[in-house]
Amino acid sequence: MTDLERKHDRTPVPKEWTYAPAPESREVVSLDDRYGHYVGGKWLEPSETYTTISPATEEPLAEVGQATPEEVEAAVVAARDAFENGWSGISAAERAKYLFRIARILQERSREFAVLESLNGGKPIKESRDVDLPLAAAHFFYYAGWADKLEYAFPNRRPRPVGVAGQIIPWNFPLLMLSWKIAPALAAGNTVVLKPAETTPLSALLFADVLRQAELPPGVVNIVTGDGRTGAALVKSEDVDKIAFTGSTDVGKAIQRELAGTGKKLTLELGGKAANIIFDDAALDQAVEGIVNGIYFNQGHVCCAGSRLLVQESIYEPVVEKLKRRLTTLRVGDPLDKNTDVGAINSAQQLEKIRELVESGEQEGAEIYQPPCRLPEKGYWFVPTVFTNVAQSYRIAQEEIFGPVLSVLTFRTPEEAVEKANNTPYGLSAGVWTEKGSRILWMAERLRAGVVWANTFNRFDPSSPFGGYKESGFGREGGRHGLEPYLRFDNGPSHG
Ligand code: NDP
């Protein structure tokens, strides 16, 4: 026996060990029992309310308003008033100052916001803390920089604000989507009425306090909470000049129908079914991390999630084996625990949708793999799942699941990879893993996706435009492009 073996013999090495709990403190967040709508810089008492909960525990967190059409109209009137009587008239450099202030306050209060985002939405605290909050602040910083440079961004086109923007956001990145929408709108000189998603209103309501701290003039940003009826009322409001919507393709289509012929500007950021394509020359360990990040980040509640894995046939076995092994190390549980990788599903309704689609995958003949995993008893949870033996026609390969569920398909040649990747009604994002730069460019030219990531996935930057093709919507958010939908031009063409 060698010395090393003898030593191992004597040293008790535990076979299994787990991380000790590392919960983030909830003390940094103080919630009111009841919230109204933030209209004209004041809290408007709501006529109806509902209870918002924590999806990880089903614990009620607060009562929030369910805005009626009249309450939505009050917010639109406040936004119009602020637009006509002040905001559109102040200097662009002054507007920038407010945006810089908001960005700095978000940074200062980032821990409080991160905890609240995880509490109300179910996402792991390490994601809220390290992704949502830094990016939200970065968007305000970025667009603050553009506010007084619009003439340079659009030379010879005389950019002007459009007026009142109605903005409807989903529940997967509540504060980040708020920033994607509010920052460019204000930089361009508009005023806003924002409706957060029914299940995740709290960070938007806390954001109202940031606006107060930043001394933003009353009415420039108004926040009305409620379900789809509130969103529909905002779309219908006659005095709104532009609607920006992020959410499901079905609701996006309904909004487009509603606005047809009204002359209102519209941008839609809808669903996706992204292909994450792994070639046999890719660095496999990094690619597996990219696959995991692509689909299990934020429980797969990501419009650009890499939910279809396309693996070159020659490396199918090692990739699937590495992936399954990696899945056993994902920690699913308390979103407020700093060691958690996969948090709670956002709502009972979304959990039901995931379950239904997963069942369809099994029935259609795909092979399911789920790592051993003990889920909390209360709350909404779903084990990270991989499907192999998936045919392109299966619902799990076609429909957006919006959960931690990956479908694995294979390809032989780059042409076949492109054909399969583009075989979807969506076109939001795609990933390519290969060591050849020329192949990355060849693929990027052919993939019908708004964003193509190379040897990485789910990377965002405020300076980079984001948006889709086909049923993933139209218009771009982020970058200089993200200003355009909030502007009209006295000179030259107007888009979006
Ligand atoms: P929705 O499209 O219903 O929700 C997005 C936002 O629109 C929410 O604020 C919602 O309010 C609001 N809304 C709902 N109905 C209307 C309407 N008729 N007019 C105006 N606004 C409306 O998405 P769901 O939350 O129902 O999720 C369903 C599916 O959509 C998911 O499973 C996923 O596949 C996809 N989705 C895609 C997202 C993306 O980023 N592309 C984000 C969210 C969902 P309320 O929350 O009260 O319903």
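Now for a look at the structure at hand.

**Here's the deal with the overall build of the protein chain**
Next, step 1: Within the protein chain, the regular secondary structure consists of 16 helices and 19 strands.
Next, step 2: A globule of 496 residues ought to have a C-alpha radius of gyration of about 23 Å, and the protein chain, at 23 Å, matches this closely.
Next, step 3: Along the three orthogonal principal directions, the C-alpha set of the protein chain runs to about 85 × 50 × 45 Å.
Next, step 4: Once local pairs closer than 6 in sequence are excluded, the contacts in the protein chain between residues at least 24 apart make up 76%.
Next, step 5: Once the 55 positive and 66 negative side-chain charges of the protein chain are each reduced to a mean point, those two points are 4 Å apart.

**Observations concerning unusual backbone geometry**
Next, step 1: Unusually for a residue other than glycine, N156 sits at a positive phi of about 65 degrees.
Next, step 2: As for its position among the elements, N156 is in the loop between α6 (150-153) and β5 (159-161).
Next, step 3: Of note in this structure, N389 is not a glycine but carries a positive phi near 55 degrees.
Next, step 4: If you trace the backbone, N389 turns up in the loop between β14 (385-388) and α14 (395-398).
Next, step 5: Since its relative accessible area comes to 47%, N389 is described here as partly exposed.

**Section: the packing of aromatic side chains**
Next, step 1: The full count for this structure, using the stated rule, is 16 aromatic pairs.
Next, step 2: Relative to F207, the ring of F140 lies with its centre 5.8 Å away and its plane at 25 degrees, an arrangement referred to as stacked. Here the residue F140 occupies a position in helix α5 (residues 125-146), and F207 occupies one in helix α8 (residues 202-213), the gap between them amounting to 67 residues.
Next, step 3: Looking at F140, the relative accessible area reads 0%, which means it is buried.

Rules used throughout
- Residues numbered from 1 in each chain as written.
- Predicted model: local features only at pLDDT ≥ 70, side-chain atom pairs only at ≥ 80, totals over all residues.
- Heavy atoms only, no water.
- Helix = DSSP H or I, 4+ residues; strand = E, 2+ residues; numbered from the N terminus.
- Rg over C-alpha atoms; globule rule 2.2 N^0.38 Å.
- Contact = heavy atoms within 4.5 Å.
- Lys, Arg positive; Asp, Glu negative; His and termini not counted.
- Charge placed at Lys NZ, Arg CZ, Asp CG, Glu CD.
- Buried < 20%, exposed > 50% of the residue type's maximum accessible area, 1.4 Å probe, protein only.
- Phe/Tyr/Trp six-rings, centres within 6.5 Å; stacked < 30°, edge-to-face > 60°.

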